[in-house]
Amino acid sequence: MSGYLDRMADQGFEEVVLVHDAETGLKAAIAIHSTARGPALGGTRMWIYPNEEAAVDDVMCLARGMSYKSAAAELPLGGGKGVIIGDPRHDKSEALFRAYGRFVDKMNGRFITAADMGTEEKDLDCVRLETDHVVGGSQLGSPSPFTAYGVWKGMKACANEVFGTSNLSGLTVAVQGVGTVGAALCRHLAEEGARLIVTDLDGEKAAKAEDLWNAKVVGHDQIYTQKCDIFAPCAAGGAVNADNVEKLQCKVVAGAANNVLKDDYLGEVLHKHGILYAPDYIINAGGIIFVEYSRQGGKTHDEIRQIINRIEERLTRLFTRAREENLLPQQVADLTAEENLQVKADLSRSG
Ligand code: NAD
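Residues numbered from 1 in each chain as written. Predicted model: local features only at pLDDT ≥ 70, side-chain atom pairs only at ≥ 80, totals over all residues. Heavy atoms only, no water.

### Focus: the packing of aromatic side chains
We apply this condition: Two rings belonging to Phe, Tyr or Trp (six-membered ring only in the last case) form a pair when the distance between their centres is within 6.5 Å. Interplanar angles under 30 degrees mark stacking, angles over 60 mark edge-to-face geometry, and anything in between is tilted. Helical segments are the DSSP runs of H or I of at least four residues, strand segments are the runs of E of at least two, and each set is numbered from the N terminus. Accessibility here uses a 1.4 Å probe with only protein chains present; expressed as a share of the type maximum, an area under 20% marks a residue as buried, one over 50% as exposed, and anything in between as partly exposed.
This model, assessed by the stated rule, comprises four aromatic pairs. Note on Tyr 149 and Trp 152: the rings are 5.8 Å apart at their centroids and 65 degrees apart in plane angle, and the pair reads as edge-to-face. Of this pair, Tyr 149 and Trp 152 both sit in helix H5 (residues 144–163), three residues apart, which is roughly one turn of the helix. Grouping residues by exposure puts Tyr 149 and Trp 152 together as buried.

Next up, the structure:
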């Protein structure tokens, strides 16, 4: 492996650790991008990576993404992530997760972990036997409804920017993926009087949306060509890509999925087509806001929703700055996150 220290320096990483436990065969990596704003909180992913470089690349990219998301959301959190190299269907054991937990514990609270792709609550329970630096699970409740709530509020900022009103009633929203977040989003939208078009690989979920909210169900590939006001990707990453960007029939792209744009240049293409893009990590921050305020304790769910409401103001400010400075929304999102990271780093150096 070469070039990682240069990349750490270029991108402001604090620490990247490779982890091996001979007894259990655990192979993992933990990246702490920044603790300038607080402990580095991020999930642990379990995945079959083709090689070690792919695992380290993924953990670094995800850790940096968490720093940006939490900094932009003004949370007292840094960004980190863990990956365990292995097949989540066959390689899990209590011993493996306990070994991982001991490594997390050695980081003395600089890294706090949660579930991510390939890991779930019962795995975290094993990690928790070895360390207190874990959040999530049944005692916390699901962040998904809070993510959906934030996306719904964020859509209002988008509608205000494009249509001159934050009222979504009468608008048509095409939702890709009606899983835990997509379905909760549909409920908010339907209650406000928006018209829904949905798709899901799981036909039962799509049928449920048709029953509950009178959504029009379309095939997976048809969702991109639907004439609609807002396209809401709530499934996998890369929803906007080179194959479909020219076909989109919407005025706004705003959804819960992470990494909506398959490549950064697609933001420019959307802009040229007069389509407003709500940067993913700004609009989908409701879940992490919920996790952090639940971790701190002392706030009711209603109080947490009040904090999530700020996503609407944050996007409104971001779109204004993008217009005034002739920048793309995702460029302003990155600048805002970097400014928020820098201010804290300066404060901690001077304090
Ligand atoms: P989920 O697994 O509950 O739902 C995703 C749904 O999308 C599933 O029903 C799946 O069948 C469907 N799907 C997948 N690929 C599809 C495709 N190509 N076409 C149509 N449907 C497809 O996941 P979720 O928790 O609802 O998360 C949705 C997205 O939001 C993910 O990208 C996730 O990373 C992101 N996100 C979630 C949260 C959260 O709080 N859960 C927070 C931030 C971001």
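### So, the site of the ligand
Rule in force here: In these notes, residues near a molecule or strand are those with any non-hydrogen atom within 4 Å of it. We define a polar contact as two N or O atoms separated by no more than 3.5 Å, with the added condition that, inside protein, one atom must be a possible hydrogen donor and the other a possible acceptor, whereas residues neighbouring each other in sequence contribute only through side-chain atom pairs. Method for areas: the Shrake-Rupley scheme with a 1.4 Å probe, in which residue coverage is limited to the protein chains shown.
As a matter of local geometry, the ligand sits amid 19 residues, with Thr 147, Val 181, Asp 200, Lys 205 and Ala 235 nearest to it. Between the ligand and Thr 180, the relevant distance is 3.0 Å, taken from an oxygen atom to a side-chain nitrogen or oxygen of the residue. Summarising the interface, the protein chains cover 71% of the accessible area of the ligand, which totals 830 Å² for the free molecule. Secondary structure elements with two or more residues in the shell around the ligand: H5 and helix H6 (180–192).

### Structural notes on the domain arrangement of the protein chain
For interface size, the figure often reported is the accessible area lost on association. The criterion, for reference: Note that the domain bounds reflect an automated or database-derived domain assignment.
What the domain assignment reports for the protein chain is domain 1 (4–63 + 77–128) and domain 2 (144–285 + 312–337). Distance between the C-alpha centres of domain 1 and domain 2: 30 Å.

### So, the nonpolar core
Using the following cut-off: Side-chain atoms within 4.5 Å link the members of a nonpolar core, which is a set of buried Ala, Val, Leu, Ile, Met, Phe, Trp, Tyr and Cys residues. Contact criterion: two residues are considered in contact whenever any of their non-hydrogen atoms come within 4.5 Å of each other.
Within the largest apolar cluster, 66 residues are counted, with the highest numbers of intra-cluster contacts made by Met 155, Val 173, Val 175, Leu 185, Leu 189, Ile 289 and Leu 315. Here this core takes nine residues from H5, the largest share from any one element. Both of domain 1 (4–63 + 77–128) and domain 2 (144–285 + 312–337) provide at least three residues apiece to this core. Beyond its immediate stretch of four places on either side in the chain, Ile 289 contacts Ala 73, Leu 75, Ile 307, Ile 308 and Ile 311.

### Thoughts on empty space enclosed by the protein
For clarity, the threshold we go by: Cavities and pockets were defined on a 1 Å grid built over protein atoms only: a cavity is a set of grid points that admits a 1.4 Å probe from which the probe cannot escape, a pocket is an open set flanked by protein on both sides within 12 Å along at least five of seven lines, and lining residues are those with an atom within 4 Å of any such point. Grid points are joined across faces, edges and corners, and a volume is the space filled by probe spheres set on the points. Here the term charged refers only to Asp, Glu, Lys and Arg, the term nonpolar to Ala, Val, Leu, Ile, Met, Phe, Trp, Tyr, Cys and Pro, and the term polar to all other amino acids, Gly among them.
Within the structure shown, the criterion is met by one cavity of 30 Å³ or more. The computed volume of the largest cavity comes to approximately 30 Å³. If you trace the largest cavity, you find it lined by Thr 44, Ile 84, Phe 97, Tyr 100, Thr 119, Leu 124 and Val 127. When grouped by side-chain class, the residues that make up the lining of the largest cavity number five nonpolar, two polar and no charged.

### Some thoughts on the pattern of salt bridges
What counts, and what does not: Salt bridge, as used here: a side-chain nitrogen of Lys or Arg that lies within 4 Å of a carboxyl oxygen of Asp or Glu.
Enumeration over the complete set of coordinates arrives at 24 salt bridges. Here Asp 116 makes a salt bridge to Lys 81, at a shortest N to O gap of 2.9 Å. Note that Asp 116 is positioned in the loop between strand E5 (111–115) and helix H4 (121–128) and Lys 81 in strand E4 (residues 78–85), a separation of 35 residues in sequence. There is no split in this pair, since Asp 116 and Lys 81 are both buried. A salt bridge links Arg 98 to Glu 130, with the shortest nitrogen-to-oxygen separation between them at 2.7 Å. Of this pair, Arg 98 sits in helix H3 (residues 94–106) while Glu 130 sits in the loop between H4 and H5, and the two are 32 residues apart along the sequence. In this structure, a network of salt bridges that share partners links the residues Arg 45, Asp 58, Lys 81 and Asp 116.

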